[in-house]
Amino acid sequence: MTAVQSLAARAAEVLRRNDTGLFVKPGPRVYPFQWNWDSALVAIGLARVDPERGRAEVRSLLRGQWADGMVPHMVFHAESVDYSPGPEVWGSSECRGAPGVATSGITQPPVLATAVRALHEADPDREFLEEVVPAVDAWHRWLQRDRRFDDSGLVAIVHPWESADNAPRFDAALARVDPRELTFTRSDRRHLHEAERPTDLEYGRYMAIVDHLRDRGYRPASPSEAPFAYVDLAFNSILAVAEDDLAWLFGAIGGGEDGAAARAARLRAALAERWDETEAAYRERDLHGADGTTETVADLFPVYAGVPNDRQARKLFAEALWSPARFGPSEDSPWAVTTVSKSSAAYDPRRYWRGPVWININWFLVRGLQRCGLAAEAEELRRLTLRLVETSGFAEYYHPETGEPLGSRDFSWSAALALDLLS
Ligand code: 9WN
């Protein structure tokens, strides 16, 4: 067996072990429910080894779709598992338009269209597309309707859990929220070291936002009326690609819809306007606060959507993404891409989204560099990412200096995306 075959076999084994029968859970112990972008990223890996199982993953996630189109960030089940906050905290059954199965009331980055396209490219199945494409379209339309805040086409998130939880770019927005007392014991604390996870103060604020949203059936009158409202460039860049992929999927079933392509073009144009020449990065926006770059990897995400022109892409790569002082590999810190710039005061190489390397982030950036025509640079990042999983296993995230695995081990999307990067 070659090294590539052996790594692929180990990755496929992680997915098999995390398979509950109904969905692949993100990690064996820490995350026992179904999460939205985890399932989509898992389906991208499954497209490489078992497309039929990948289609089941998509169907399973869509059980949680709300009547207005939202695909929630978590879909629960009735088995007793160790995770908090669980279905009782979200109370979706009391909300208008919620599905029969209990879910959370917020969403997550819309990778699903991209996953459905990957499945169709690997193993065309028209019937499957006819079944799921209208559902994905309804979700995108919901985002454009419920989460719009101006005419730019950009959408806002209303909870940090809709993107990278405790990333420093959310600190100022989150600091405006009065925390509430935690009425449950955090399950993550039973499995993981405190230094690798969000703090209790952050959790108190997350729960205060959930309370506020739940009182409004998770449908604030507009994003700007929510206590936390943020124009996350990672979320919006993922949506731009997903809109393109949705347009492609409509094409595969005979067209009849050009809204998705137009939405993608609008989003790209809006993202392009956020370029900051001095920082070689893009400006994020806090709807209740400042507009500017944040020294987090989200500032670079328009690369994923192929937004920068050739000159900007090269500058962003050299001066930010691959810069040893910022997100790239350096002598003391050979593993990249860091989720926070090493030059930021907030950089913390062990804590969750505040510095560590994540395989999904690298995967988005590899695809983005390819899309921007930086093939050699993409290849360098692809190789580094595979070397990391080869060395340290399929962890949830990794210490950039040592490569030490952090968070959950045997993490599904790390395994799934390694399978994709290997192909
Ligand atoms: C809260 C499952 C999820 C990921 C998120 C990641 C983390 C949950 C948590 O785990 O969030 O939704 O318990 O911290 O931040 O991106 O989807 O892997």
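Going by the structure above, here's the rest.
Criteria and cut-off values
- Residues numbered from 1 in each chain as written.
- Predicted model: local features only at pLDDT ≥ 70, side-chain atom pairs only at ≥ 80, totals over all residues.
- Heavy atoms only, no water.
- Helix = DSSP H or I, 4+ residues; strand = E, 2+ residues; numbered from the N terminus.
- Polar contact = N/O pair within 3.5 Å; in protein donor to acceptor, adjacent residues only side chain to side chain.
- Contact = heavy atoms within 4.5 Å.
- 1 Å grid on protein atoms, 1.4 Å probe; cavity = no way out; pocket = protein on both sides within 12 Å on 5 of 7 lines; lining within 4 Å.
- Points joined across faces, edges and corners; volume = space filled by probe spheres on them.
- Nonpolar A, V, L, I, M, F, W, Y, C, P; charged D, E, K, R; others polar.
- Expected span 1.5 Å × (residues − 1).
- Buried < 20%, exposed > 50% of the residue type's maximum accessible area, 1.4 Å probe, protein only.
- Arc of directions from axis to C-beta.
- Near = heavy atom within 4 Å.
- Areas by Shrake-Rupley, 256 points an atom, 1.4 Å probe, with all protein chains shown as cover.
- Sits in = over half its atoms within 2 Å of the grid points.
- Salt bridge = Lys/Arg side-chain N within 4 Å of Asp/Glu carboxyl O.
- Phe/Tyr/Trp six-rings, centres within 6.5 Å; stacked < 30°, edge-to-face > 60°.
- Lys NZ or Arg CZ within 6 Å of the ring centre and 35° of its normal.

(A) Spatial organisation of the side chain of Glu-162. Inspection of the secondary structure assignment puts Glu-162 in the loop between α6 (126–146) and α7 (171–175). In this structure the side chain of Glu-162 is engaged in a polar contact, spanning 2.7 Å, whose partner is the backbone nitrogen of Thr-107. Separated by 2.7 Å, the side chains of Glu-162 and Arg-147 make a polar contact. Among residues more than four places away in sequence, those in contact with Glu-162 are Ile-106, Thr-107, Gln-108, Pro-109, Arg-147, Ile-157 and Phe-235.

(B) Spatial organisation of empty space enclosed by the protein. Applying the stated criterion across every chain yields a total of two cavities of 30 Å³ or more. Of the voids in this model, the largest cavity is the one considered here, and its volume is about 240 Å³. Contributing to the lining of the largest cavity are 22 residues, with Tyr-31, Trp-35, Gln-108, Asp-165 and Tyr-352 lying nearest its centre. In this model, the second largest cavity occupies a volume close to 90 Å³. Tallied by class, residues from the lining of the second largest cavity come to nine nonpolar, two polar and one charged.

(C) Representation of helix α1 (residues 3–17) in the model. Spanning 15 residues, α1 covers 21 Å between terminal C-alpha atoms, matching the ideal 21 Å at 1.5 Å per step. Restricting attention to buried positions, one finds in α1 the residues Leu-7, Ala-11, Ala-12, Val-14 and Leu-15. The buried residues of α1 occupy one face: seen down the axis, they fall within an arc of 150 degrees. Here the buried face of α1 lies against α2 (36–49), α14 (375–392) and α15 (412–422).

(D) Seen up close, the environment of Leu-422. Mapped onto the fold, Leu-422 is located in helix α15. For the pair Leu-422 and Arg-197, spaced 225 residues apart in sequence, the C-alpha separation works out to 30 Å. Sequence-distant contacts of Leu-422, that is, excluding residues within four places in its chain, are made with Val-4, Leu-7, Ala-8, Arg-382 and Leu-386.

(E) The arrangement of the site of the ligand in detail. The local shell around the ligand holds 16 residues, among which Asp-38, Tyr-83, Gln-108, Asp-165 and Tyr-352 are the closest. Here an oxygen atom of the ligand and a side-chain polar atom of Trp-37 are 3.1 Å apart. The contact in question runs from an oxygen atom of the ligand to an N or O atom on the side chain of Gln-108, over 2.9 Å. Surface burial for the ligand is 99%, taken as the share of its 420 Å² of free accessible area covered by protein chains. One can see that the ligand is located within the largest cavity. Considering only residue class, the shell around the ligand consists of eleven nonpolar, two polar and three charged.

(F) Geometry of the side chain of Asn-36. With respect to the secondary-structure elements, Asn-36 resides in helix α2. The buried category is assigned to Asn-36, whose relative accessible area is 0%. Within polar-contact distance, the side chain of Asn-36 engages the backbone oxygen of Pro-72 at 3.1 Å. Every residue in contact with Asn-36, bar those within four places of it in the chain, is listed here: Leu-61, Val-71, Pro-72, His-73, Thr-107, Gln-108, Pro-109 and Trp-139.

(G) Inspection of the pattern of salt bridges at higher detail. The final tally for this structure, using the stated rule, is 48 salt bridges. Between Glu-243 and Arg-263 there is a salt bridge; the shortest N-O distance is 2.7 Å. Highlighted residues: Glu-243 in helix α10 (residues 233–252) and Arg-263 in helix α11 (residues 259–272), separated in sequence by 20 residues. Neither Glu-243 nor Arg-263 differs from the other in exposure class; each is buried. Where salt bridges share partners, they join Arg-186, Asp-188, Arg-189, Arg-197 and Asp-200 into one cluster.

(H) Representation of the packing of aromatic side chains. Taken as a whole and judged by the stated rule, the model has 30 aromatic pairs. Centre to centre, the rings of Trp-358 and Trp-413 are 6.0 Å apart; their planes meet at 45 degrees, and the pair counts as tilted. With Trp-358 in the loop between α12 (310–321) and α13 (359–371) and Trp-413 in helix α15, this residue pair connects regions lying 55 residues apart in the sequence. Neither Trp-358 nor Trp-413 differs from the other in exposure class; each is buried. For Arg-197, the ring lying beneath its charged end belongs to Tyr-352, and the centroid distance is 4.5 Å. Here Arg-371 stacks its cationic end above the ring of Tyr-304, 5.1 Å away from the centre of that ring.

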